[in-house]
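Reading the structure
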Amino acid sequence: MADRVTAFLGLGGNIGDPAAAMGVALRAVDADPSGSVVSVSSLYRTPPWGKTDQPAFLNAVARIETTLSPQDLLSLCLAEERLLKRVRRERWGPRTIDIDILLYGDRTIDEDGLTVPHPRLAERAFVLVPLAEIAPRMEIGGRRIDALLRELDGSGIERVTNDGNWWRLPTEGTLPGS
Ligand code: GSY
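Quick caveat, the model's predicted, so the values are computed rather than measured.

1. Digging into the site of the ligand
The environment of the ligand is made up of T46, P47, P48, W49, F57, N59, W92, R95, D98, R124 and F126. T46 has a polar side-chain atom sitting 2.7 Å from a nitrogen atom of the ligand. R124 places a polar side-chain atom, nitrogen or oxygen, 3.0 Å from an oxygen atom of the ligand. If the ligand stood free it would expose 360 Å²; the protein chains cover 96% of that surface. In terms of residue class, the shell around the ligand is made up of six nonpolar, two polar and three charged.

2. Focus: the packing of aromatic side chains
Summed over the entire model, instances satisfying the criterion amount to zero aromatic pairs. R124 extends its terminal NZ or CZ atom over the ring of W49, reaching a point 3.9 Å from the ring centre.

3. Side note on the pattern of salt bridges
What the rule picks out here adds up to six salt bridges. For K51, the salt bridge identified is with D53, shortest N-O distance 3.0 Å. A salt bridge links E151 to R143; the nearest nitrogen and oxygen atoms lie 2.8 Å apart. On the basis of relative accessible area, R143 is assigned to the partly exposed category, the value being 34%.

4. A closer look at the environment of P18
Summarising the element assignment, P18 is placed in helix 1 (residues 18-31). Looking at P18, the relative accessible area reads 3%, which means it is buried. On a C-alpha basis, the gap between P18 and L58 in space is 6.6 Å, while along the polypeptide they are 40 residues apart.

5. Some remarks on the environment of P136
By secondary structure assignment, the location of P136 is in the loop between helix 3 (125-134) and strand 8 (139-140). As for P136 and V37, which are separated by 99 residues in sequence, their C-alpha atoms are 18 Å apart. Those residues in contact with P136, other than ones at most four positions away along the chain, are R144 and I145.

6. Points about helix 1
Relative to the 20 Å expected for 14 residues at 1.5 Å per residue, helix 1 spans 20 Å between its end C-alpha atoms, a close match to the ideal helical length. Residues P18, A19, A20, A21, M22, G23, A25, L26 and V29 constitute the buried set of helix 1. Looking at the buried side of helix 1, the elements it contacts are strand 1 (5-13), strand 2 (35-40), strand 4 (57-66), helix 2 (70-83) and strand 5 (98-104).

Rules used throughout
Residues numbered from 1 in each chain as written. Predicted model: local features only at pLDDT ≥ 70, side-chain atom pairs only at ≥ 80, totals over all residues. Heavy atoms only, no water. Near = heavy atom within 4 Å. Polar contact = N/O pair within 3.5 Å; in protein donor to acceptor, adjacent residues only side chain to side chain. Areas by Shrake-Rupley, 256 points an atom, 1.4 Å probe, with all protein chains shown as cover. Nonpolar A, V, L, I, M, F, W, Y, C, P; charged D, E, K, R; others polar. Phe/Tyr/Trp six-rings, centres within 6.5 Å; stacked < 30°, edge-to-face > 60°. Lys NZ or Arg CZ within 6 Å of the ring centre and 35° of its normal. Salt bridge = Lys/Arg side-chain N within 4 Å of Asp/Glu carboxyl O. Buried < 20%, exposed > 50% of the residue type's maximum accessible area, 1.4 Å probe, protein only. Helix = DSSP H or I, 4+ residues; strand = E, 2+ residues; numbered from the N terminus. Contact = heavy atoms within 4.5 Å. Expected span 1.5 Å × (residues − 1).

In structure tokens, the structure reads:
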């Protein structure tokens, strides 16, 4: 049997019901025979980064264990995005759901379409805040996550669930932002 690797996924969206879409995606990853979801952060409402004249996002981070290669994990994430009829009209613009591989074990990967660790991980408070919730002692590029966060503007980031159990049950229309 293939070894299990710990990986972290970043999820976000700001069109339609992103919380429901992220829940569907995480339940599919958990149900897949290739692995399981180990823990998920709370949901956070976050100001848009990049293109700022768009609605706030909902973001979360999940720790998973997987026997998939990074490329096959990416394919699984992209298949989920497709199933959820991901809409993305422009770069850095609004989208129904985005699923990024943030980290895959301690691997560094630089291929067409797959860069791990995610190249802008250390610059984005909307990723680091939920990641710090589930992996507070993590180091990225040799620096502690709490030190990285102190250098970023986390203003406007709001935790909207009490815990990381929001993804377990279908929630259409019942969570903030939906
Ligand atoms: O890179 C993911 C898509 N995205 C986001 C996001 O998920 N959250 C916030 N707050 N801003 C974003 N800008 C982009 S592009």
